[in-house]
Amino acid sequence: MAHVISDECVSCGSCEGECPVGAISEGDGKYVIDADACVDCGACAASCPTGAISAE
Ligand code: SF4
């Protein structure tokens, strides 16, 4: 299981620094979460202004 970022992402980047394992990076048009690195802590979801991050 991993958290995922939907198309609601506006690439603001606020979530990137919240991830304790560095699983979030800027992708093509939106930020992406590396599912293999994510430990499902949920820290990123609260930082997203558009509510684009959810548990898969
Ligand atoms: Fe990183 Fe936690 Fe978000 Fe997974 S749920 S991407 S480990 S901040």
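Here the structure is shown first, and the text comes after it.
Rules behind the numbers
- Residues numbered from 1 in each chain as written.
- Predicted model: local features only at pLDDT ≥ 70, side-chain atom pairs only at ≥ 80, totals over all residues.
- Heavy atoms only, no water.
- Helix = DSSP H or I, 4+ residues; strand = E, 2+ residues; numbered from the N terminus.
- Rg over C-alpha atoms; globule rule 2.2 N^0.38 Å.
- Buried < 20%, exposed > 50% of the residue type's maximum accessible area, 1.4 Å probe, protein only.
- Contact = heavy atoms within 4.5 Å.
- Near = heavy atom within 4 Å.
- Nonpolar A, V, L, I, M, F, W, Y, C, P; charged D, E, K, R; others polar.
- Core = buried A, V, L, I, M, F, W, Y, C linked by side-chain atoms within 4.5 Å.

*Asks:* Would you mind going over the overall build of the chain with me for this structure?
*Replies:* Scanning the chain from terminus to terminus reveals zero helices and four strands. Reading the chain from its N terminus to its C terminus gives the helix and strand order β-β-β-β. Expected size for 56 residues packed as a compact globule is a radius of gyration near 10 Å; at 10 Å, the chain falls within 12% of this value. Out of the 56 residues belonging to the chain, those deemed buried represent 27%. Long-range pairs, those at least 24 residues apart, make up 57% of the contacts in the chain with a sequence separation of at least 6.

*Asks:* Looking at this structure, how should I read the site of the ligand?
*Replies:* Around the ligand, 13 residues are found, and the nearest of them are Cys19, Cys38, Cys41, Gly42 and Cys44. Here the residues of the shell around the ligand sort into ten nonpolar, two polar and one charged.

*Asks:* What's the story with the nonpolar core in this structure? I'm lost.
*Replies:* Proteins that are soluble and globular tend to have nonpolar side chains buried together. Ile5, Cys15, Ile24, Tyr31, Ile33, Cys44 and Ile53 are the most contacted members of the largest nonpolar core, which has 14 residues in total. Setting aside anything within four residues of it in sequence, one finds Ile24 in contact with Ile5, Cys15, Glu16, Cys19, Tyr31, Val32, Ile33 and Cys44.

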